[in-house]
Amino acid sequence: MEGFLLPTSLIALAVALVVTLYDMIAALRPVTCAECSHCRARANDEARRQEVLAREYARRLGLDDEDDDRRIG
């Protein structure tokens, strides 16, 4: 029983550390709202950045516009 308890507790500790780190990183991100112009500008900038990344990805893989199925739906 003790041979099983130590590895299990180490795995639980590692999972707790990962969850805590994720929670701390998520807490550092600013809260956004739909009303203020600052948050809308940040959302527009993020959308533009994602669009640029999507175009670069498609260009690197040699996808044509009609071959790119990521925008369907």
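Below: a short report on this structure. Starting from 1, residues in each chain are numbered consecutively following that chain's sequence as written. pLDDT decides what is reported in this predicted model: residues at 70 or higher carry local features, side-chain atom pairs at 80 or more are listed and counted, and totals for whole chains, interfaces and linings draw on all residues regardless. Side-chain descriptors were evaluated using all non-hydrogen atoms of the structure, hydrogens and water having been removed beforehand.

### Thoughts on a nonpolar patch on the surface
Here comes step 1: There is a patch of nonpolar side chains on the surface, built from L6, L10, L13 and L17 and spanning about 410 Å² of accessible area.
Here comes step 2: Relative to the helices and strands, L17 is located in helix α1 (residues 2-28). Every patch collects residues that have over 30% relative accessible area and no salt bridge, joining them within 9 Å if they carry like charges and within 5 Å if they are nonpolar side chains (Val, Leu, Ile, Met, Phe, Trp, Tyr). In these tables, accessible area is a Shrake-Rupley quantity obtained with a 1.4 Å probe, and a residue counts as shielded only by the protein chains included in the view. A carboxyl oxygen of Asp or Glu within 4 Å of a side-chain nitrogen of Lys or Arg is what we treat as a salt bridge. Note on conventions: DSSP H or I runs of at least 4 residues are helices, E runs of at least 2 residues are strands, and numbering of each starts at the N terminus.

### A short note on helix α2 (residues 37-61)
Here comes step 1: Expected span, for any helix, means 1.5 Å times one less than how many residues it has. For α2, with 25 residues, the first-to-last C-alpha span of 36 Å sits near the 36 Å given by 1.5 Å per residue.
Here comes step 2: Of the positions making up α2, those classed as buried are C39, A54 and A58.
Here comes step 3: Positive backbone phi, at 75 degrees, marks G62, one or two positions downstream of α2. For every residue, the accessible area obtained with a 1.4 Å probe (protein chains only) is divided by the maximum for its type, and the residue is called buried under 20%, exposed over 50%, and partly exposed between those limits.

### Remarks on the pattern of salt bridges
Opposite charge on two side chains lets them pair, provided their charged atoms get close.
Here comes step 1: Applying the stated criterion to the full structure yields three salt bridges.
Here comes step 2: Between D45 and R48 there is a salt bridge, with its nearest N and O atoms 2.8 Å apart. Taken together, the residues span about one helical turn, with D45 and R48 both in helix α2 at a distance of three residues.
Here comes step 3: For R55, the salt bridge goes to E51, with nearest N and O atoms at 3.6 Å. Note that R55 and E51 are positioned in helix α2 at a spacing of four residues, about one turn of the helix.

### Concerning the state of the cysteines
Among covalent bonds in proteins, the disulfide is the one between the sulfur atoms of two cysteines.
Here comes step 1: When two cysteine sulfur atoms lie within 2.5 Å, the pair is treated as a disulfide. Enumeration according to the criterion identifies zero disulfides in this entry.
Here comes step 2: Just so you know, C36 is unpaired, no disulfide at all, and the nearest cysteine sulfur is the one on C39, 3.2 Å from it.
Here comes step 3: Residue classification places C39 among the buried residues on the basis of a relative accessible area of 6%.

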